[in-house]
Amino acid sequence: METHPKLIVNLGHLKENIRSMCERTDALDISVAGVIKGFHAIPEMVAAFDESPCQSIASSRIEQLKSAHDIGCKKPLFLIRIPMLSEIPEVVKYVAYSLQSEKVVLQALEKECEKQGKTHKVLLMADLGDLREGFWNKDELVELAVDIENNFNFVKLAGIGTNLGCYGSIKATPEKMNELIDIAQIIENKIGRTLELISGGATTSTMMVFDKSIPKRINHLRIGEGIILACDYEKLFDTDAAFLHKDVLTLEGEIIEIKDKPSYPVGELSYDAFGNVQTYHDRGIRRRALVAFGRVDVGDVETLMPKTSGVEILGASSDHLILDIEEVKDTLKVGDKLSFGLSYCNMVYATSSKNVKIEVID
Ligand SMILES: *Cc1c(COP(=O)(O)O)cnc(C)c1O
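Position labels on residues start from 1 in each chain and follow its written sequence. Only residues with pLDDT of 70 or above have their local features reported here, since the model is predicted, and side-chain atom pairs are shown and tallied only from 80 upward, although totals for entire chains, interfaces and linings are computed over all residues. By convention in this description, side-chain values take in all heavy atoms of the structure and omit both hydrogens and water.

1. Some details on the layout of surface pockets
A pocket here means an open set of points on a 1 Å grid, computed over the protein atoms alone, that has protein on both sides within 12 Å along at least five of seven lines. A cavity is instead a set of points where a 1.4 Å probe fits but cannot get out; residues with an atom within 4 Å of a point line either one. Grid points are joined across faces, edges and corners, and a volume is the space filled by probe spheres set on the points. Space inside the largest pocket adds up to approximately 940 Å³. Along the walls of the largest pocket sit 42 residues, with Leu 164, Gly 165, Cys 166, Ala 202 and Thr 204 positioned nearest its centre. Only runs of H or I of at least four residues qualify as helices and only runs of E of at least two qualify as strands under DSSP, and these elements are numbered from the N terminus. Residue assignment for the lining of the largest pocket shows that the elements contributing at least two residues are helix 8 (207-210), strand 9 (220-223), helix 9 (225-228), helix 10 (232-237) and helix 12 (344-352). With 4 residues, the single largest contributor to the lining of the largest pocket is helix 10. For the lining of the largest pocket, the residue count by class is 19 nonpolar, 13 polar and 10 charged. One number sums up the size of the second largest pocket: a volume of about 630 Å³. Thr 279, Tyr 280, Arg 288, Leu 314 and Gly 315 are the residues nearest the centre of the second largest pocket, which is lined by 27 residues in total. Mapped by element, the contributors of at least two residues to the lining of the second largest pocket are strand 10 (249-262), strand 11 (285-291), strand 13 (312-316) and strand 14 (321-324). The biggest single contributor to the lining of the second largest pocket is strand 13, with 5 residues. Split by residue class, the lining of the second largest pocket holds 11 nonpolar, 6 polar and 10 charged. Each residue gets one of three labels, nonpolar for Ala, Val, Leu, Ile, Met, Phe, Trp, Tyr, Cys and Pro, charged for Asp, Glu, Lys and Arg, and polar for the others, Gly among them.

2. Observations regarding the site of the ligand
When we say a residue is near a molecule or strand, we mean one of its heavy atoms is within 4 Å of it. Every one of the 14 residues lining the ligand counts as a neighbour, but Lys 37, Thr 203, Arg 222, Gly 224 and Glu 225 are closest to it. Between the ligand and Lys 37, the relevant distance is 2.7 Å, taken from an oxygen atom to a side-chain nitrogen or oxygen of the residue. Distance and chemistry together define a polar contact, namely a pair of N or O atoms within 3.5 Å, with one atom able to donate a hydrogen and the other to accept it when in protein, and with adjacent residues in sequence counting only for side-chain atoms on both sides. In this structure, Asn 163 approaches the ligand through a side-chain N or O atom, which is 3.4 Å from a nitrogen atom. Should more than half of a molecule's atoms lie within 2 Å of a pocket's or cavity's grid points, that molecule is taken to sit in it. When atoms are counted within 2 Å of each cavity's grid points, the one that captures over half of the ligand is the largest pocket.

3. Looking at the packing of aromatic side chains
In summary, the pairing rule links any two rings of Phe, Tyr or Trp, Trp by its six-membered ring, whose centres are within 6.5 Å, and it sorts them by plane angle into stacked for under 30 degrees, edge-to-face for over 60 and tilted for everything else. Counted by the stated rule, this structure contains 6 aromatic pairs. Ring centres 5.1 Å apart and planes at 90° place the aromatic pair Phe 210 and Phe 243 in the edge-to-face group. Of the two residues, Phe 210 is situated in helix 8 and Phe 243 in the loop between helix 10 and strand 10; the sequence distance between them amounts to 33 residues. Where Phe 293 meets Phe 340, the ring centres are 5.7 Å apart and the plane angle is 90°; that geometry is what we call edge-to-face.

In structure tokens, the structure reads:
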């Protein structure tokens, strides 16, 4: 039976990471939506979130929330992508909270809630410059919030939220959080009550939790990467997050070929398997290894982190990973397994690839 590529899930370390994160958010009265979309809702991992101090289980995909429901999750489910009109019936059926930005969707939600005899809580999204979802015109946001408060019976206004660092690469700063809080206060003045949730973003907002610079009124974050991989902190944000395990997920692949070859391709240079023009460095004859997985399984191989020092990633096609192993050439042979740490992109691909077997360890 084929056993590789294999994704090894360290469940104990995941649980500890959730706890470590929630200790820090709890201390600031911030509740956490545990985001399961990055690992394609692997059931054991979802269950770990469900048994954790997280307030809710969140995903951008209704299918994943439905599967969380089906495995018996007890926590409220939170949809963090604006729903398609075509999925409204399922949203009402399975989901307690959702992020919203379109009046027509809210009207459809209200209608469906009435039909199913249910209520549903919404957070309106403010776009603070990252230019993905949410209201750019903040007066429109306030107007819709007031409209929901006064005229909707089944859809309840839970609060507002924002998302940063996804498309526009905009940094989550206390200033951005204060912009969000200002909008919340305008709404609160108009509706005469305090909003339940002011949701200040994702993993990129947790740095403000670690250094306690997050403004007080932010009381909710939606966190995936920072709990599961926690590799962006040091790699991208120069933040010490030593209290988080970096080995919740490990990808293991099997070596299928080892040969000495030139490092510079031989012949007329054209395009690679994906139609890209590549650059190559001539380092003479080097020992290289092929591992039996590729871009189909992990997306960009350049962000994989080999666990064996001396192993260097040269590139990949759909089904082949190409490594330089010159520095460790006497220690590796065909059939050996090599382990890699994953970036967010690698995790998303690996957990949705049918080729990758998943092994959960405690
Ligand atoms: C994916 C997503 C998150 C979680 O992002 P991480 O970087 O994994 O923490 C939070 N909010 C929204 C709206 C998202 O789409």
